[in-house]
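Here is what each chain is made of, one letter per residue.
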Amino acid sequence: MRIGILGSGLMGGKLGTIFARAGHEVVFSYARSQKKLEQLARHAGKKARAGTLAEAARDADALLLAVHWLRMDDVLQQVGDLTGKVIVTCSLPMNVDNTELVIGLTSSGAEALAKWLPKARIVCAFNTMPSEVLFPVYEARRKANRASLVYCGDDSHGKKITAELIRDVGFDPVDAGPLRIARYTEPFALLVGQLAYKGKEGPELAYRFERFGK
Ligand SMILES: NC(=O)c1ccc[n+]([C@@H]2O[C@H](COP(=O)([O-])OP(=O)(O)OC[C@H]3O[C@@H](n4cnc5c(N)ncnc54)[C@H](OP(=O)(O)O)[C@@H]3O)[C@@H](O)[C@H]2O)c1
């Protein structure tokens, strides 16, 4: 598939690299320097290149949205028409300090995004783990014990593509249902992130949560 990475930081950089090494054509976009995007693309291999947001979106079969919530307006303004595009979002709706969710309980960032972009196919995934969990995944992806990763959305085509990408990353995709389930996965992602950074007991607990499907 052709995959546009919108936001090439920790999540976008790592996932885009894994997608490119799994054989997909990847365009890395949106970082503070063009040099960083080019370095990422070189590191990811022959299937990857650097581009603008609009270039990443053009002809893409799927887009990975991985920017801080506060950058969303800027990204959506530059990216162009997203009608019919499958957008896999891992962006949590966090405040400036990254301490609290700015949307919760009755809605979610994924649902807010779906309202902003009613003609796109939004799937919420990849937001149930801290990105460190991804580091050893690529190396381990052919081993038997794979962690599960939940995804949710209302668009069956988008969900099919997302499940394939999750498999390529090395997780077992678990369909958690419609997009409104993101109301529960987003706070859960925050909890897992907080546990992961809570000292000695944190990471072990967080990783156990990652494997709750096993
Ligand atoms: N990291 C995780 O473990 C994790 C887990 C679950 C969910 N999430 C969510 O996923 C989203 C992305 O997280 P992340 O950790 O990957 O964030 P990040 O490392 O900060 O990446 C965001 C990207 O946006 C770029 N960016 C920021 N401001 C910009 C600007 N003014 N102009 C151009 N580019 C700009 C950054 O550029 P630079 O590369 O130059 O900094 C970076 O490439 C967030 O919503 C986060 O809550 C993250």
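Quick caveat, the model's predicted, so the values are computed rather than measured.

Turning next to the overall build of the protein. When its secondary structure is counted, the protein shows 9 helices and 8 strands. Going through the 214 residues of the protein one by one, you find that 52% of them count as buried. If you take every contact in the protein between residues at least 6 apart in sequence, the share linking residues at least 24 apart comes to 68%. Per element, the accessible surface of the protein, about 10,800 Å² overall, is 51% carbon and sulfur.

Packing of helix H1 (residues 10-21) against helix H2 (residues 34-44) brings their axes to within 9 Å, and their N-to-C directions diverge by 35 degrees. Every pair of crossing elements has a handedness; the one defined by H1 and H2 is right-handed. Contacts between H1 and H2 pair Gly13, Thr17, Ala20 and Arg21 from the former with Leu40, His43 and Ala44 from the latter. Considered class by class, the residues forming the contact of H1 with H2 number 3 nonpolar, 3 polar and 1 charged.

Okay, the packing of aromatic side chains next. Evaluated as defined, the whole model comprises 2 aromatic pairs. On the numbers, 6.3 Å between centres and 70 degrees between planes, the contact of Phe19 with Phe126 is edge-to-face. Highlighted residues: Phe19 in helix H1 and Phe126 in the loop between strand S6 (121-124) and helix H6 (137-140), separated in sequence by 107 residues. For Phe19, a relative accessible area of 1% translates into the label buried.

Most of strand S7 (residues 148-153) sits inside the fold, with 6 of its 6 residues counted as buried. Both faces of S7 are covered, namely the face carrying Ser148, Val150 and Cys152 and the face carrying Leu149, Tyr151 and Gly153. In the sheet, S6 pairs with S7 via 2 bridges, with the strands oriented antiparallel. Its bridge partner lying in S7, Cys124 is registered against Cys152. Relative to strand S8 (residues 172-175), S7 runs parallel, the two sharing 4 bridges.

Our focus in this paragraph is the sheet that holds strand S4 (residues 62-65). If you trace the 8 strands from one edge of the open sheet to the other, you get S3-S2-S1-S4-S5-S6-S7-S8, paired in mixed fashion. Looking at the sheet topology across the chains shown, the edges are occupied by strand S3 (48-50) and S8. Sheet twist, expressed as the average angle between the axes of neighbouring strands with direction ignored, equals 25 degrees. Sheet strands touched by helix H5 (residues 109-116): S4, strand S5 (86-89) and S6. Its angle to S6, the strand with the most contacts, is close to 175 degrees.

Rules used throughout
Residues numbered from 1 in each chain as written. Predicted model: local features only at pLDDT ≥ 70, side-chain atom pairs only at ≥ 80, totals over all residues. Heavy atoms only, no water. Helix = DSSP H or I, 4+ residues; strand = E, 2+ residues; numbered from the N terminus. Buried < 20%, exposed > 50% of the residue type's maximum accessible area, 1.4 Å probe, protein only. Contact = heavy atoms within 4.5 Å. Areas by Shrake-Rupley, 256 points an atom, 1.4 Å probe, with all protein chains shown as cover. Axes fitted to C-alpha atoms, helices over the stretch in contact; angles between N-to-C directions. Left-handed = near helix turned anticlockwise from the far one by under 90°. Nonpolar A, V, L, I, M, F, W, Y, C, P; charged D, E, K, R; others polar. Phe/Tyr/Trp six-rings, centres within 6.5 Å; stacked < 30°, edge-to-face > 60°. Pairing = 2+ DSSP bridges.

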